[in-house]
Structures are given as C-alpha cells and as structure tokens.
Amino acid sequence: SKGVMLTLIICALLLGIASSAQAQSPIVFGLRPDDAMKGYFEFSVKPGDVIKDAVLVVNDSEQPLTLNVTLADGQTNSTGGTGFADKGDKAKQWIAAPDLGVMQIAAKENGQPKAARVPFTLSVPKDAAPGEYLFGFVASPTAQGSSLAAKGFVVNVVQRSAVSVIVRVAGD
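Rules used throughout
- Residues numbered from 1 in each chain as written.
- Predicted model: local features only at pLDDT ≥ 70, side-chain atom pairs only at ≥ 80, totals over all residues.
- Heavy atoms only, no water.
- Helix = DSSP H or I, 4+ residues; strand = E, 2+ residues; numbered from the N terminus.
- Buried < 20%, exposed > 50% of the residue type's maximum accessible area, 1.4 Å probe, protein only.
- Contact = heavy atoms within 4.5 Å.
- Pairing = 2+ DSSP bridges.
- Salt bridge = Lys/Arg side-chain N within 4 Å of Asp/Glu carboxyl O.

(A) Region of the structure containing the overall build of the chain. Along its length, the chain carries two helices and twelve strands. When its helices and strands are written in sequence order, the chain yields α-β-β-β-β-β-α-β-β-β-β-β-β-β. For the chain, the proportion of its 172 residues judged to be buried stands at 33%. Relative to all contacts within the chain whose residues are 6 or more apart in sequence, the contacts with residues 24 or more apart total 77%.

In structure tokens, the structure reads:
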C-alpha cells in the first residue's frame, strides 16, 4: 500500500543520510583503561572496597581535540549491547574522578596518538547489594556535531565514545 511504500522511502533516506554522516567524519578519539592489556574495566569487589585506577582519553587525530568526559550509568540495550545514559547518578555515587569534564587532548605526534590520563577511585558502598553493576566513562566533542539534510530531513550526528566499568559485588 502507499503507506508502507512511503515508510520504506523515508527509512531509506534516513539510512542514507546517517551512513553519509558516518563516512564523512570518522571517530578519531576514544577511551580505554590505563592498562593497555584491557579493553574495559572489570572489578570483583566486596562492599566497602576501594580501588584506584585510571582511564586514558586518546586522540588519534592530526588536530588537538576538546572533549567532555563524563560518568554514565550503564544499561543493556534492546539488542543486547551496552548503552550509557546521559546521566551518571549511580556512577557518581561509586566513582570519584575529579579531573573529569572538558579537557583538551593534544594532536598525535609522529603518527603516535596522544592521551590524557584521568585517575579515578571506585568506592564500593558498604551497603552495596551483591550483583553486577555497569557504569561507563563517556567522551564527546564539545563542538557541535555535524548535521546533514536531504529532502526535508535533518540528522544531527554526535560522536561519543565510551569504555565500560563492570563491578561485580560478592555476596549471598
């Protein structure tokens, strides 16, 4: 019917715009644990434990970048992957990282990415219930994302990069 055909055309336009945005602006920054052997943070703890670690904010660009790095609460998306909320209310109760916020990361030099090291302290509440908790560090440029328009549709593209912090609290 006409309604189904119109819906398919709109979806195709939006997918085309989104893929164009992705092709035009590759992500040149990221986050990772200070330990280069790890792809994310994973801690097995008991209530009351305190752990110190650091996250690296990496720039693989030829230009310096200004990024906003924040904490976020993790969640499981409908597709089974990990997503991060815009707020980190629970994460902020567990993780202290005074150097988070807006930071400038130098451009890569001699082909080598530059990074800023951001120390943090994970303090497990003494009354933490046993289970698994998911938080994340999230970085995004402070400059506006790109906008692409086609046939009356506008797609705003905001690049974000995150690294997971998985905390498993022991107990019955």
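Now that the structure has been shown, the text picks up again.
(B) Broad picture of the environment of Ser 44. Mapped onto the elements of the fold, Ser 44 is located in strand β2 (residues 41-45). Of the residues examined, Ser 44 reaches a relative accessible area of 64% and is grouped as exposed. Separated by 124 residues in the primary sequence, Ser 44 and Arg 168 have C-alpha atoms spaced 4.8 Å apart.

(C) Quick peek at the sheet that holds strand β3 (residues 50-59). Here we have four strands laid out as an open sheet, ordered β1-β3-β8-β6, and antiparallel in their pairing. With partners counted over all chains shown, the strands left at the sheet margins are β1 (29-33) and β6 (95-96), one partner each. Pairing of β3 with strand β8 (residues 114-123) involves ten bridges; the strand directions are antiparallel. Bridge pairing in β8 places Val 57 opposite Ala 116.

(D) The arrangement of the pattern of salt bridges in detail. All chains considered together, the criterion is met by five salt bridges. A salt bridge links Glu 62 to Lys 108; the shortest N-O distance between them is 3.8 Å. Here the residue Glu 62 occupies a position in the loop between β3 and β4 (65-76), and Lys 108 occupies one in the loop between β7 (101-105) and β8, the gap between them amounting to 46 residues. Of the charged contacts in the structure, one is a salt bridge between Arg 168 and Glu 132, with a shortest N-O distance of 2.8 Å. Remark: Glu 132 occurs in strand β9 (residues 131-141) and Arg 168 occurs in strand β12 (residues 161-169); sequence separation between them is 36 residues. Accessibility expressed as a relative area gives 31% for Arg 168, which makes it partly exposed. For Glu 132, a relative accessible area of 54% puts it in the exposed group.

(E) How the structure looks around the environment of Thr 70. Looking at the element boundaries, Thr 70 is found in strand β4. Taking the C-alpha atoms as reference points, Thr 70 and Asp 99, 29 residues apart in sequence, are found 9.7 Å from one another.

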